[in-house]
Amino acid sequence: MPAGLAVGRTAGIAEPRLEGGRLFWLEQRPGERGRTTLMGRGGAGAAAVDLTPGTWNLRTRVHEYGGGAYAVAGDQVVFVDDGDRCLWQVTLTSDGDPTTVAEPRRLTAPPDPERPRAFADGLIDRGRRRWIGVMEQDGLDRLVAVPLAGGEPELLHQPADFCGYAVLAPGGGHLAWVSWEQPFMPWERSQLWLAAIDAAGQLRQARPIAGSAAGDPQGISVFQPLWLDDGSLVVANDRSGWWNLERLADASALGPDTPPRWQPLCPMEAEFATPQWVYGLRTTAWDGERLLAAACRQGRWELGRLALDGGPWEPIPLPFSDLAALSAAAGRLVAVAAAPAIGQGLLELDTASGTWQHTPAAPAPLAAEAISLPEPLWFDGHGGTPTHAWYYPPRGSSRAEAPLLVKGHSGPTAMAGTGLNLAIQFWTSRGWGVVDVNYGGSTGFGRAYRERLDGQWGVVDVADCAAAARAVVAAGKADPTRVAFEGGSAGGFTVLAALCFTDVFTAGAVRYPVTDPEALLAVEHRFEARYTETLIGPWPGARALYEARSPLRHAARITAPVLFFHGLDDRVVPARQSEQMVDALRQRGQEVELHLIPGEGHGFRDSAVRTAVLEATEAFFRRRFHL
């Protein structure tokens, strides 16, 4: 399979919404240099239409990672354009057909260059004709309101650090949202807040009603509040050790001095949430009669129904194992869905009958028999702890003689899923085995599994990825002399640390990697500014650990060839990190190759760039392994 087919053509789908009988979603187009546009579709059989054609690029830059680029209610759409970082409003036709829209109109003035600001994760308060969402400025998030007629943002709530995921109660009388404080990330400690909205549109009696603050003794995370029609709130809460759903009955009637009484809904060893790296994430939905949710068990997602009285989990029979971005209304549900042999696309479900259709983002590029399917691999990881990975066998070659590619996901709090990954199929179609590792710290296996990495970044992840490779080799499925390791961002750090401190890997490739965790402390990236305190330890008290884990400081230990890619516009991990590492390796005569890419940031969006990166990586490994 050509590299251009694997990574260069398929559009990304995000943030589908059902509103007024219409379906909306974002489509990221690699062939248009990663431009993201808003798509719309009317009733059954209607054609999808690009609602923001031309140069509009719907993208937010809050926390650098963004998400939550548009909101829709009735005939009103508000979105963030990446060109000027402003809020824009557009009015749809009222006849139910989303294909005709008025010319977009800017709601907020361009920001002062001396005080840049970014908007994201909003909702439309129809009764008060305003947008409510997050504005990041001066090193803080703010919950603000902007009139749909246009104007300056009005402050509604000032959190200590971060906020988002605001939801408006039926009737518009209350607002709930999530907040969290440094040094913690939202999946470590966060709180659900609730406030009444007075006649003037101001928030009153705001207070936390679930989760934990930075100073609380127990770490609890909350995820995606959801209002039901009866005024109750549902939220995912991991105080049990798993992100399970809980319900607060009559939340809109909760008095300012009344302690909330949360009711667990269907406790189970499954995750009903995912790390909040970006806005716009949704794993729970209400269709007007039923509560529906996506749950992750043993690394696979499934869709099901939950009873509000705490009844059993009812899985809905579907062939999908990756599910995200749920939205529901009037007996319909939409989600982004994929499976090992089915590419990412829009899943539309009639929630009463269970009938569904799936619209792939692109036609299937491979026949079913040509797809390498993931096999669950459990092995003894760091400290002998059971650890999970997905193994993809090579196509058309002897397993014992096959080269092996180990993949380390980013985050490091992320997850190796099972949806059809054409980049993985690129390797298996060339006779490679691939092992995608859910090392300690990964999501999808409970809080204790996530917390294995606390204080152990560069140790647990490295040991687990090395153990996964050894397990595949020991099973006679790979050539021990041809084991490559690749990853991006935090995954790139794991690759470089593994090349420094293990003897398992014979080549490596990294994209925008962390090469020296100490250097992250000086980066102006607020979202992760203190994440290393959890992953390694507080600075400067843990200086020795930072130095001991740093691939840059131990570059002399690397003997395998390494390939680097880094975008010159990267503000999360500046390209200087790769440049310094490459210089250190070259000074010691190590085989190394560096590609600096203009116009790209933390994560490559352009199809030509992504194709070139994959082709160069394969060529680099092929030369090293004499394939």
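Use the structure listed above.
Keep in mind that this is a model prediction, so the values were computed, not measured. (Residues numbered from 1 in each chain as written. Predicted model: local features only at pLDDT ≥ 70, side-chain atom pairs only at ≥ 80, totals over all residues. Heavy atoms only, no water.)

Participant: Just give me the short version of the overall build of the protein chain, but keep the residues and values in it.
Facilitator: Helices and strands together make up the secondary structure of the protein chain, namely ten helices and 36 strands. The dimensions of the protein chain, computed from C-alpha atoms along their principal axes, are 70 × 55 × 50 Å. When each of the 627 residues of the protein chain is scored for burial, the buried share is 60%. Considering only residue pairs separated by 6 or more positions, the protein chain has 57% of its internal contacts joining residues 24 or more positions apart. Accessible area for the protein chain stands at about 23000 Å²; split by element, carbon and sulfur atoms hold 50% of it. (Helix = DSSP H or I, 4+ residues; strand = E, 2+ residues; numbered from the N terminus. Buried < 20%, exposed > 50% of the residue type's maximum accessible area, 1.4 Å probe, protein only. Contact = heavy atoms within 4.5 Å. Areas by Shrake-Rupley, 256 points an atom, 1.4 Å probe, with all protein chains shown as cover.)

Participant: Residue-level account of the sheet that holds strand 22 (residues 291-297), with values.
Facilitator: Read from one edge of the open sheet, four strands run 21-22-23-24, paired in antiparallel fashion. Across the chains shown, the open sheet's two edge strands, defined by having one partner strand only, are strand 21 (284-286) and strand 24 (314-315). By the bridge criterion, two bridges tie strand 23 (residues 300-306) to strand 24 in an arrangement that is antiparallel. The residue bridging Arg305 from the neighbouring strand is Glu314, located in strand 24. (Pairing = 2+ DSSP bridges.)

Participant: Account for the pairing of strand 2 (residues 22-29), with residues named and values stated.
Facilitator: In the case of a regular strand, side chains alternate between the two sheet surfaces. With seven of eight residues buried, strand 2 lies mostly within the body of the structure. As judged from the six bridges shared by strand 1 (residues 12-19) and strand 2, these two strands associate in the antiparallel manner. Bridge pairing in strand 2 links Glu19 to Arg22. Connecting the antiparallel pair strand 1 and strand 2 is a turn made up of two residues, with Gly20 showing a positive phi of about 60 degrees. Pairing of strand 2 with strand 3 (residues 35-41) involves seven bridges; the strand directions are antiparallel. Counterpart to Arg29 in the pairing with strand 3 is Arg35. What sits between strand 2 and strand 3 in their antiparallel hairpin is a turn of five residues, with Arg33 showing a positive phi close to 60 degrees.

Participant: Tell me about the pattern of salt bridges, and name the residues and values.
Facilitator: As enumerated under the stated definition, the model contains 37 salt bridges in all. Of the charged contacts, one joins Arg128 and Asp125 as a salt bridge, the two residues approaching to 3.0 Å between their closest N and O atoms. Between Arg130 and Asp125 there is a salt bridge, and its shortest N-O distance comes to 3.0 Å. Classification of Asp125 by relative accessible area gives buried; the value is 2%. Several salt bridges share partner residues, and in doing so they unite Glu27, Arg29, Glu32, Arg35 and Asp50 into one network. (Salt bridge = Lys/Arg side-chain N within 4 Å of Asp/Glu carboxyl O.)

Participant: Now, about the side chain of Arg605: what can you tell me, with residues and values included?
Facilitator: Mapped onto the elements, Arg605 comes out in the loop between strand 36 (592-597) and helix 10 (607-625). For the buried Arg605, which has no salt bridge, the nearest side chain bearing the opposite charge is Glu600, at an N-O separation of 6.2 Å. Reaching out from Arg605, the side chain makes a polar contact with the side chain of Thr36 at a distance of 3.4 Å. If we skip the residues at most four places from it in the chain, Arg605 touches Gln28, Pro30, Arg33, Gly34, Thr36, Arg59, Glu600 and Arg610. (Lys, Arg positive; Asp, Glu negative; His and termini not counted. Polar contact = N/O pair within 3.5 Å; in protein donor to acceptor, adjacent residues only side chain to side chain.)

Participant: Tell me about unusual backbone geometry, and name the residues and values.
Facilitator: Looking along the chain, the bond that leaves Gln182 and enters Pro183 is cis, with omega of 10 degrees. You can see Pro183 is positioned in the loop between strand 14 (174-180) and strand 15 (191-197). For Asp250, which is not a glycine, the phi torsion comes out positive at approximately 50 degrees. Summarising the element assignment, Asp250 is placed in the loop between strand 19 (244-248) and strand 20 (262-265). Of note in this structure, Ala330 is not a glycine but carries a positive phi near 50 degrees. In this fold, Ala330 is placed in the loop between strand 25 (322-329) and strand 26 (332-339).

Participant: Before we move on, could you go through the packing of helix 4 (residues 460-474) against helix 5 (residues 490-501) and cite the residues and values that matter?
Facilitator: For the pair helix 4 and helix 5, interaxial distance at closest approach is 9 Å and the crossing angle is 75 degrees. Taken together, helix 4 and helix 5 sit at an angle that is classed as roughly perpendicular. Taking contact as the criterion, the partners of Asp461, Val462 and Cys465 in helix 4 are, on helix 5, Phe493, Thr494, Ala497 and Ala498. Tallied by class, residues from the contact of helix 4 with helix 5 come to five nonpolar, one polar and one charged. (Axes fitted to C-alpha atoms, helices over the stretch in contact; angles between N-to-C directions. Parallel < 35°, antiparallel > 145°, perpendicular 65-115°, else oblique. Nonpolar A, V, L, I, M, F, W, Y, C, P; charged D, E, K, R; others polar.)

Participant: Give me the lowdown on the packing of aromatic side chains, citing residues and values where you can.
Facilitator: Summed over all chains, the structure comprises 31 aromatic pairs. Among the aromatic residues, those joined into a ring-pair cluster are Tyr65, Phe162, Trp180, Trp187, Trp277, Phe527 and Tyr531. Here Arg17 stacks its cationic end above the ring of Tyr70, 5.3 Å away from the centre of that ring. (Phe/Tyr/Trp six-rings, centres within 6.5 Å; stacked < 30°, edge-to-face > 60°. Lys NZ or Arg CZ within 6 Å of the ring centre and 35° of its normal.)

Participant: Go over the nonpolar core, please, and point to the residues and values.
Facilitator: In a soluble, globular protein the nonpolar side chains are often hidden away together inside. Residues Leu233, Val406 and Phe505 are the most contacted members of the largest nonpolar core, which totals 111 residues. Discounting residues that sit within four places of it in the chain, Phe505 has contacts with Val406, Cys465, Ala466, Ala469, Val483, Ala484, Phe485, Ala498, Leu499 and Ala560. Counting 31 residues, the second largest nonpolar core, distinct from the first, contains Leu405, Phe426, Ala509 and Ile597. (Core = buried A, V, L, I, M, F, W, Y, C linked by side-chain atoms within 4.5 Å.)

Participant: Explain the sheet that holds strand 32 (residues 433-438) residue by residue, including any values.
Facilitator: Strand order across the open sheet formed by eight strands is 29-30-32-31-33-34-35-36, with mixed pairing between neighbours. Looking at strand neighbours, the two that pair on one side only are strand 29 (375-380) and strand 36, the edges of this open sheet. On average, adjacent strands in this sheet sit at an angle of 20 degrees to one another, irrespective of strand direction. Of the strand pairs in this sheet, strand 31 (residues 404-408) and strand 32 are connected by five bridges, and their pairing is parallel. In the sheet register, Leu405 faces strand 32, and the bridge partner there is Val434. Seen against the sheet, helix 5 touches strand 31, strand 33 (483-488), strand 34 (507-511) and strand 35 (562-567) and runs at an angle of roughly 145 degrees to strand 33. Docked against the sheet, helix 10 engages strand 31, strand 33, strand 34, strand 35 and strand 36, running at close to 165 degrees with respect to strand 34.

Participant: Summarise the side chain of Asp121; cite the residues concerned and give the values.
Facilitator: Mapped onto the elements, Asp121 comes out in strand 9 (residues 117-125). Buried charge without a partner: Asp121 forms no salt bridge, and the closest opposite charge is Arg17, 5.9 Å away. Within the structure, the side chain of Asp121 is placed 2.5 Å from the backbone nitrogen of Tyr165, a separation counted as a polar contact. Excluding anything up to four places from it in sequence, Asp121 contacts Gly67, Gly68, Ile132, Gly133, Val134, Gly164, Tyr165, Ala166, Tyr279 and Gly280.

Participant: Kindly report on the layout of surface pockets, identifying the contributing residues and their values.
Facilitator: Empty space among the atoms becomes apparent when a probe as large as a water molecule is rolled across them. The volume enclosed by the second largest pocket comes to roughly 1200 Å³. Taken together, 40 residues line the second largest pocket, and the ones lying closest to its centre are Glu19, Leu123, Val167, Leu168 and Leu226. Counting only elements with at least two residues in the lining of the second largest pocket, the list comes to strand 1, strand 5 (70-73), strand 9, strand 13 (162-168), strand 17 (222-227), strand 21 and strand 25. (1 Å grid on protein atoms, 1.4 Å probe; cavity = no way out; pocket = protein on both sides within 12 Å on 5 of 7 lines; lining within 4 Å. Points joined across faces, edges and corners; volume = space filled by probe spheres on them.)

Participant: Tell me what's going on with empty space enclosed by the protein, and back it up with residues and numbers.
Facilitator: Scanning all chains against the criterion turns up two cavities of 30 Å³ or more. Space inside the largest cavity adds up to approximately 40 Å³. Lining the largest cavity we find Val62, His63, Gly66, Trp180, Gln276, Trp277, Val278, Tyr279 and Phe527. Of the volumes computed, that of the second largest cavity is approximately 30 Å³. Along the walls of the second largest cavity sit Gly68, Ala69, Tyr70, Ala71, Val78, Val80, Leu87, Ala120, Asp121, Gly122 and Trp131, which together make up its complete lining. With three residues, strand 9 is the single largest residue contributor to the lining of the second largest cavity. Residue composition of the lining of the second largest cavity, by class: eight nonpolar, two polar and one charged.

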